[in-house]
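Next come the chains, spelled out residue by residue.
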Amino acid sequence: MWSGEPNGALVDEMTGARPGRALDVGCGEGADALWLARQGWAVTALDISRIALHRARAHADRENVDITWVLSGLLDAELPAGGFDLVSAQYPALRRTADRAAERALISAVAPGGTLLIVHHDIRDATAAREHGFEPDEWVTPGDVAALLDDSWHTDVNEVRERSISGGAGAHHTHDVVLRAHRRGGQPSHQPAPRPKAARPTPRPPAPPRSVSDPAPADSARRPSSSRR
């Protein structure tokens, strides 16, 4: 069931970030894409499910937001290199391959100064996961992506984090792995937009010199200096 709520790690990591062009990988029914668009991002949202995209588009049509819905997997989307100021993959189902194609596609899509945000469940008990039909070694993790980041990247966050969720298919997962990194060069998208500088007050011109014969104002000893700010 679609809750309409964006993923908590996305909100935690990107609130206040400078908006730009965002790629939402595996967008599902669009809660993350909608949240980003409401913050001013121009979003490209990918998913392989036609039904999920149909529902996502229906939600977005109620609002005036900039979202392009794309029926495609990550590797088939022909994404422009360096085309996005944010690449977000929240719990992506990306197959691990020998050539690390999915990891490289995520990294390649980030523009200079842009942010890469990858979040996945922390699979602490691989044996238990296999007993439930999930093979952890077959899927890309945040750690796989982090391992390919070279000196042109700065890792801001790479940690296991407790998650809070009340329901849904992933409610039994208690911890997430969160990777946030930015590509060096350009202006980091994760920094909030600078506030305009306040105008400096125009200094008052100096008073003309007073003749020694002119009497001083009666309250000059009590009047505070006008130059104090």
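Predicted model only: the values in this text are computed from it and were never measured. Residue numbers restart at each chain and count upward from 1, following the sequence in its written direction. For a predicted model such as this one, the threshold for reporting local features is a pLDDT of at least 70, and the threshold for listing and counting side-chain atom pairs is 80 or more; totals across whole chains, interfaces and linings nevertheless cover every residue. Only heavy atoms go into the side-chain values, all of them from the structure, while hydrogens and water stay out.

S.K.: I tried to follow the environment of G8 on my own but got confused; where do I start?
M.R.: Here a helix means four or more residues in a row that DSSP labels H or I, a strand means two or more in a row labelled E, and each is numbered from the N terminus. You can see G8 is positioned in helix α1 (residues 8-14). Owing to a relative accessible area of 42%, G8 belongs among the partly exposed residues under this scheme. Put simply, G8 and D32 are 24 residues apart on the chain and 9.5 Å apart in space, counted from C-alpha to C-alpha. Only protein chains enter the calculation, and the probe is 1.4 Å; a residue is then buried if its accessible area is under 20% of its type maximum, exposed if over 50%, and partly exposed in between.

S.K.: Just checking my understanding: could you explain the confidence of the model for the protein chain for this structure?
M.R.: Detailed reading of predicted coordinates is not advised where the pLDDT is low. Per residue, pLDDT measures the predictor's confidence, with a range of 0 to 100. Chain-level pLDDT for the protein chain is 82 on average; 71% of the residues reach the 70-or-more range. Across residues 192-203, where pLDDT falls below 50, the model places 7 contacts with residues more than four positions away in sequence or in other chains. Here, residues are in contact when the closest pair of their heavy atoms is within 4.5 Å.

S.K.: What is the right way to look at the sheet that holds strand β1 (residues 21-25) in this model?
M.R.: Backbone hydrogen bonds are what pair the strands of a sheet, in a parallel or an antiparallel way. An order of β3-β2-β1-β4-β5-β7-β6 is seen for the 7 strands of this open sheet, with the pairing classed as mixed. At either end of the open sheet lies a strand with only one pairing partner, and these are β3 (67-71) and β6 (153-162). The mean inter-strand angle of the sheet, taken between neighbouring strand axes irrespective of direction, is 15 degrees. Strands pair, by our definition, only if DSSP identifies at least two bridges between them. As paired strands, β1 and strand β2 (residues 42-47) are joined by 5 bridges and run parallel to one another. Residue pairing for β2: L23 is matched across the bridge by T44. Lines are fitted to the C-alpha atoms to define the axes, a helix being fitted only along its stretch in contact, and any angle between axes, read from their N-to-C directions, falls within 0 to 180 degrees. Most of the contacts of helix α3 (residues 50-60) go to β3, to which it runs at about 165 degrees, and overall it touches β2 and β3. In the packing of helix α4 (residues 101-108) onto the sheet, contacts are made with β1, β4 (84-90), β5 (110-121), β6 and β7 (175-183), and the angle to β5 comes to roughly 135 degrees.

S.K.: What am I meant to see in α4 here?
M.R.: Looking only at α4, the buried set comprises A102, E103, L106 and I107. Looking straight down α4, one finds its buried side chains confined to an arc of 135 degrees; they lie on one side. Residues of α4 that are buried in the fold lie against β1, β4, β5, α6 (142-146), β6 and β7. An arc is given here, and it is the one of the directions from the helix axis to the C-beta atoms.

S.K.: Help me understand the pattern of salt bridges, please; the structure alone is not making it clear to me.
M.R.: Between side chains of opposite charge, a pair can form as their charged atoms come close. We count a salt bridge whenever a side-chain nitrogen from Lys or Arg sits within 4 Å of a carboxyl oxygen from Asp or Glu. Counted under the stated rule, the structure contains 10 salt bridges. Salt-bridge contacts for E103 lead to R100; the nearest nitrogen and oxygen are separated by 3.6 Å. Taking the relative accessible area as the measure of exposure, E103 reaches 0% and is therefore buried. According to the relative accessible area criterion, R100 is partly exposed, its value standing at 28%. When salt bridges that share partners are traced, they join E13, D156, E159, R161 and R180 into one network.

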